[in-house]
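Below, each chain spelled out in residue letters.
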2 protein chains.
Amino acid sequence: MTTIRIPQVAPSPDKDCEAINNACKSDCCLVLGLGTDEKALIRILGCRNAAQRRLIRDTYHQIYNSSLIDCLNDELSGDFRKAVILWTYEPWERDARLANEALKSRRKNLTELQVVAEIACATSPHHLVAVRQAYCSLFHTSLEEDIISNVSLPLQKILVSLVSSYRYDKEAVDSSMAKMEAAKLREAIQAKKLDDDELLRILSTRNTFQLRKTFQLYKDDYGTSIEKDIMACGKGIVESVMKVVIWCLDTPEKHFAEVIRASIVGLGTDEDSLTRAIVARAEIDMMRVRAEYFNANKSSLDNAVIGDTSGDYKDFLMTLLGAKI
Amino acid sequence: MTTIRIPQVAPSPDKDCEAINNACKSDCCLVLGLGTDEKALIRILGCRNAAQRRLIRDTYHQIYNSSLIDCLNDELSGDFRKAVILWTYEPWERDARLANEALKSRRKNLTELQVVAEIACATSPHHLVAVRQAYCSLFHTSLEEDIISNVSLPLQKILVSLVSSYRYDKEAVDSSMAKMEAAKLREAIQAKKLDDDELLRILSTRNTFQLRKTFQLYKDDYGTSIEKDIMACGKGIVESVMKVVIWCLDTPEKHFAEVIRASIVGLGTDEDSLTRAIVARAEIDMMRVRAEYFNANKSSLDNAVIGDTSGDYKDFLMTLLGAKI
């Protein structure tokens, strides 16, 4: 399901680190005034999976006694720098940092708050716990406490409940429970109470396979999808975040295709959202995101990225999408 | 803070396993009809910390191609067997099993439900997450889902909220926030709403240092301790569990001293509770539990255990309490 292209026989971490170091600071480049060899960095880091990148980070630190992230920070710039660094972090450290940035942002629109919903609902239970642990280590407070300090009710209650989940991660579906819980969801939604205790209990404790069955039975029994009913509750941020929650639980590829589309349409590009969606999903379900993008927009995700980005930033995103540069 | 006595130079795991195997099944013992050498098992397992016991379990499996737990299960019996096996499990596996046993029990009195409260409130954030992970692996459902299936509201909501916590684990105290949150707790308790959203948000997200400050300011500002005010809400199970929650967060040694006292007073002994308290806290704060027991009862915890137990079971508990047998 990943789009990145890992060489069948990848170079050793030592070789990769040497090449990265050369690309960043080779005397030859400096003498010739060529500066950093961004293409080499893209070819190396853009074509290694999370475990390989971890080894590269550790090895780099051992060999050069300095942090690879600091080196990238010094040598690169702009959206390209941000994308490469996010990709180079441990995935849970990346998400802890993204959540913190979103929560500390002055704006609290869908663009920011959906970041927390994605981490809570579109990642594995193991990853979510690792994000909470990384958050405590990095920011000396818990993710939940920062949600409480920065998000007002009822979204505060919704997000705290969702980030606290640790779902069973295998397929275990009970259809009669799904039917019963679809009815409970319907009842809360019809009362326009999107922070209802029962609704949050269901969404934050059930495994995703069970929830998908529940959402399917909701549609079967009540004739409309749960997200449509949620959006009919109002036009506010709560409804929008709750739609993201449902999509992230049900069909994360639909959500991320939508994030990419929204980051590109209209005047200008929302590079932060575009980067986040591609970096976060390249190793998870980007093939499905691409298919979903095509279904929804009748145009190619790759062409959209090519059309709205340029230079090394474009080359890096396209490498994560599987292009050969 | 631990009471167990680990030898300054502990034997290698190989040597320990050999001695355990000899103690369980030595030909010599069988020929002589002596059976299992329980004292040897107590001397070995009762004097090793969690990391050493893990190594012994792993090494035993490598050498004998069978599980040490299965061996202990075959060779021992009664309360002694239960205590030794609980002690030999990985601590989070032990707690996952204890929580499951409590939740599946037909009775849902304080004796059972406090087990879940202890795991949620008197252990480290890392341990609690490990218990949730072990619970999913062992029982193919999440701890939260089993709480939902087996505990009725409002305790269901309270316990789900508490087991979902991942607190910041270092000392970070904000006194003005503590004062403000003490007032919020007071408001909820005066309204006799022990599953109030704000109350649960505070108890399940704040770090324990912060909460201790909050409880102290509660007493300073309102003249009575929070647990007394909670107990004044009613005489039901909800109030009793909430008192356990407060004690486990504030002074776990008081709670466990009380569990040991309650397991011993009156006719008969509640061995399960006695075993749980000693096994769970021997490596954490048993020195403090012992001091607290003496303060509260003006008698020694060790004498109480000696008076109410016998045989190998007594010897094992006393070994965990630091006695030389």
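Residue indices follow the written sequence of each chain, beginning from 1 at its first position. Both sets of labels track the order of writing: A upward for chains, 1 upward for ligands. For this predicted model, a pLDDT threshold of at least 70 governs which residues receive local features, and a threshold of 80 or more governs which side-chain atom pairs are given and counted, while totals over whole chains, interfaces and linings are taken from all residues. Side-chain metrics in this entry use all non-hydrogen atoms of the structure; hydrogen atoms and water are not considered.

Looking at an unreviewed UniProt entry, one finds chain A named Annexin and attributed to Salvia splendens.

## Focus on the overall build of chain A
When helices and strands are tallied, chain A shows 21 helices and zero strands. Expected size for 325 residues packed as a compact globule is a radius of gyration near 20 Å; at 21 Å, chain A falls within 12% of this value. Overall, the C-alpha framework of chain A stretches about 70 × 45 × 40 Å when taken along its three principal axes. Think of it in three bands: residues with accessible area under 20% of the maximum for their type are buried, residues over 50% are exposed, and the middle band is partly exposed, with areas taken using a 1.4 Å probe on protein chains only. Expressed as a percentage of its 325 residues, the buried residues of chain A come to 54%. Considering only residue pairs separated by 6 or more positions, chain A has 71% of its internal contacts joining residues 24 or more positions apart. Element-wise, carbon and sulfur atoms account for 50% of the exposed surface of chain A, whose accessible area totals about 13900 Å². Chain A carries 43 positive and 47 negative side-chain charges, and their two centres are separated by 4 Å. Every helix listed is a DSSP run of H or I at least four residues long, and every strand listed is a run of E at least two residues long, numbered separately from the N terminus. Only the C-alpha atoms count toward the radius of gyration. The rule for a globule is 2.2 Å times the residue count to the power 0.38. We call two residues in contact when some of their heavy atoms are within 4.5 Å. To measure how exposed things are, a 1.4 Å probe is used in the Shrake-Rupley method; for residues, cover is taken only from the protein chains shown. Within this scheme the basic residues Lys and Arg register as positive and the acidic residues Asp and Glu register as negative, but His and the chain ends are omitted. Note that the charge is assigned to NZ on lysines, CZ on arginines, CG on aspartates and CD on glutamates.

## Let's talk about the interface of chain A and chain B
Of the residues lining the interface, 25 residues belong to chain A; the matching set on chain B comes to 25 residues. Interface of chain A and chain B: buried area, both sides summed, is about 2200 Å²; carbon and sulfur atoms make up 53% of it. Note on definitions: buried area is the accessible-area loss of two parts on being combined, 1.4 Å probe, summed for both. Among the residues of chain A in contact with chain B, Glu145, Tyr166 and Tyr168 of chain A are the three that bury the most area, contributing 29% of the side total. Throughout this description, the term salt bridge denotes a Lys or Arg side-chain nitrogen within 4 Å of a carboxyl oxygen of Asp or Glu. Summed over the shared surface of chain A and chain B, the result is four salt bridges. A salt bridge links Arg206 of chain B to Glu145 of chain A; the nearest nitrogen and oxygen atoms lie 3.0 Å apart. Whenever a nitrogen or oxygen atom comes within 3.5 Å of another N or O atom, the pair is scored as a polar contact, on the condition that within protein one atom can donate a hydrogen and the other can accept it, and that pairs from neighbouring residues in sequence are kept only if both atoms are in side chains. In this assembly, chain A and chain B are joined by eight residue pairs in polar contact (both at pLDDT 80 or more). Going through the elements one at a time, α9 (125-139), α10 (143-150), α11 (155-163) and α13 (197-205) of chain A are the ones with two or more residues in the side of chain A that touches chain B. The element that contributes the greatest number of residues to the side of chain A that touches chain B is α9 of chain A, accounting for five residues.

## Some remarks on the relation of the copies chain A and chain B
Only residues with pLDDT of at least 70 in both copies count here: their C-alpha atoms drive the least-squares fit that superposes the copies. For the pair chain A and chain B, the superposition axis carries a translation of 0.0 Å, the fit reaches an RMSD of 0.0 Å, and the rotation angle comes to 180°. Such values leave the two copies arranged in the relation of a two-fold axis. In terms of C-alpha distance to the rotation axis, chain A has Ser164 of chain A as its closest residue, with the C-alpha 2.6 Å off the axis. Both copies share a contact surface, since 100% of the interface residues of chain A are interface residues in chain B too.

## Topic: the pattern of salt bridges
Across all of its chains, the model carries 56 salt bridges over all chains by this definition. Its salt-bridge partner being Arg186 of chain B, residue Asp229 of chain B comes within 2.7 Å of it at the nearest N-O pair. With a gap of 43 residues between them, Asp229 of chain B in helix α15 (residues 226-231) and Arg186 of chain B in helix α12 (residues 175-190) connect regions that are remote in the sequence. One network of salt bridges, in which partners are shared, links Glu145 of chain A together with Glu181, Lys184, Glu198, Arg201 and Arg206 of chain B.

## What to know about the packing of helix α17 (residues 252-264) of chain A against helix α19 (residues 286-297) of chain A
All names here are of chain A. For the pair α17 and α19, interaxial distance at closest approach is 8 Å and the crossing angle is 65°. The orientation of α17 relative to α19 falls into the category roughly perpendicular. In this structure, α17 meets α19 at a crossing whose hand is right-handed. Taken together, the residues of α19 that come into contact with α17 (itself represented by Glu253, Lys254, Phe256, Ala257, Ile260 and Arg261) are Met286, Arg288, Val289, Glu292, Tyr293 and Asn297. The residue makeup of the contact of α17 with α19, split by class, is six nonpolar, one polar and five charged. Each axis is a line fitted through C-alpha atoms, taken for helices only over the stretch in contact, and angles between the N-to-C directions span 0 to 180 degrees. If an angle is under 35 degrees, it is roughly parallel; if it is over 145, roughly antiparallel; if it lies from 65 to 115, roughly perpendicular; otherwise it is oblique. In a left-handed crossing the near helix is turned counterclockwise from the far helix by less than a right angle, and in a right-handed crossing that turn is clockwise. Each residue gets one of three labels, nonpolar for Ala, Val, Leu, Ile, Met, Phe, Trp, Tyr, Cys and Pro, charged for Asp, Glu, Lys and Arg, and polar for the others, Gly among them.

## Looking at unusual backbone geometry
For residues that are not glycine, phi is negative in most cases, and the peptide bond is trans in most cases. Geometrically, the link from Leu153 of chain A to Pro154 of chain A is a cis peptide bond, its omega value of 0° lying close to zero. Following the sequence through the fold, Pro154 of chain A ends up in the loop between α10 and α11. Even without being glycine, Lys298 of chain B reaches a positive phi, approximately 55°. For Lys298 of chain B, a relative accessible area of 62% gives the class exposed.

## Structural notes on helix α9 (residues 125-139) of chain B
By this rule the span expected of a helix is its residue count minus one, scaled by 1.5 Å. Taking 1.5 Å as the rise per residue, α9 of chain B with 15 residues should run 21 Å; its terminal C-alpha atoms sit 21 Å apart, in good agreement. Within α9 of chain B, the full set of buried residues consists of Pro125, His127, Leu128, Val129, Ala130, Val131, Arg132, Ala134, Tyr135 and Cys136 of chain B. Looking at the buried residues of α9 of chain B, the elements they touch are α9 of chain A together with α7 (91-104), α8 (110-121), α10 (143-150) and α11 (155-163) of chain B.

## Regarding the packing of aromatic side chains
Whether two aromatic rings pair depends on their centres lying within 6.5 Å, for rings of Phe, Tyr and Trp, where Trp uses its six-membered ring; planes under 30 degrees apart make the pair stacked, over 60 edge-to-face, and the rest tilted. Scanning the entire structure with this criterion turns up eight aromatic pairs over all chains. Look at Tyr60 of chain A and Tyr64 of chain A: their rings are 4.8 Å apart centre to centre, the planes differ by 50°, and that puts the pair in the tilted class. Pair noted here: Tyr60 of chain A and Tyr64 of chain A are both in helix α4 (residues 50-64), with a separation of four residues, about one helical turn. Look at Tyr60 of chain A and you get buried, because its relative accessible area is 1%. Here Tyr64 of chain A falls in the partly exposed class, since its relative accessible area comes to 27%. Ring geometry for Tyr218 of chain B and Tyr222 of chain B: centres 5.3 Å apart, planes at 65°, overall edge-to-face. With Tyr218 of chain B and Tyr222 of chain B both in helix α14 (residues 208-222) and four residues apart, this pair spans about one turn of that helix. The partly exposed category is assigned to Tyr222 of chain B, whose relative accessible area is 28%. Whether a charge lies above a ring is judged from NZ of Lys or CZ of Arg, which has to be within 6 Å of the ring centre and within 35 degrees of the ring normal. The ring of Trp87 of chain A carries the charged tip of Arg53 of chain A above its face, separated from the ring centre by 3.6 Å.

## Notes on α4 of chain A
All names here are of chain A. The terminal C-alpha atoms of α4, which comprises 15 residues, lie 21 Å apart, in line with the 21 Å expected from a rise of 1.5 Å per residue. The set of residues buried in α4 consists of Ala50, Arg53, Ile56, Arg57, Thr59 and Tyr60. Those residues of α4 hidden inside the fold are in contact with α1 (13-25), α3 (38-45), α5 (68-75), α6 (78-88) and α7 (91-104). Where α4 begins, the capping side chain belongs to Asn49, and its oxygen is found 3.2 Å from the backbone nitrogen of Ala51. At the C-terminal side of α4, Asn65 shows a positive phi close to 55°.

## Some remarks on the environment of Trp87 of chain B
Residue and element names in this part refer to chain B. For Trp87, the position within the fold is in helix α6 (residues 78-88). A relative accessible area of 0% places Trp87 in the buried class. Trp87 sits 133 residues away from Asp220 along the chain, and the two C-alpha atoms are 40 Å apart. Excluding its chain neighbours within four sequence positions, the residues that come into contact with Trp87 are Ile4, Leu45, Gly46, Arg48, Arg53, Val279, Ala282, Glu283, Phe316 and Leu320.

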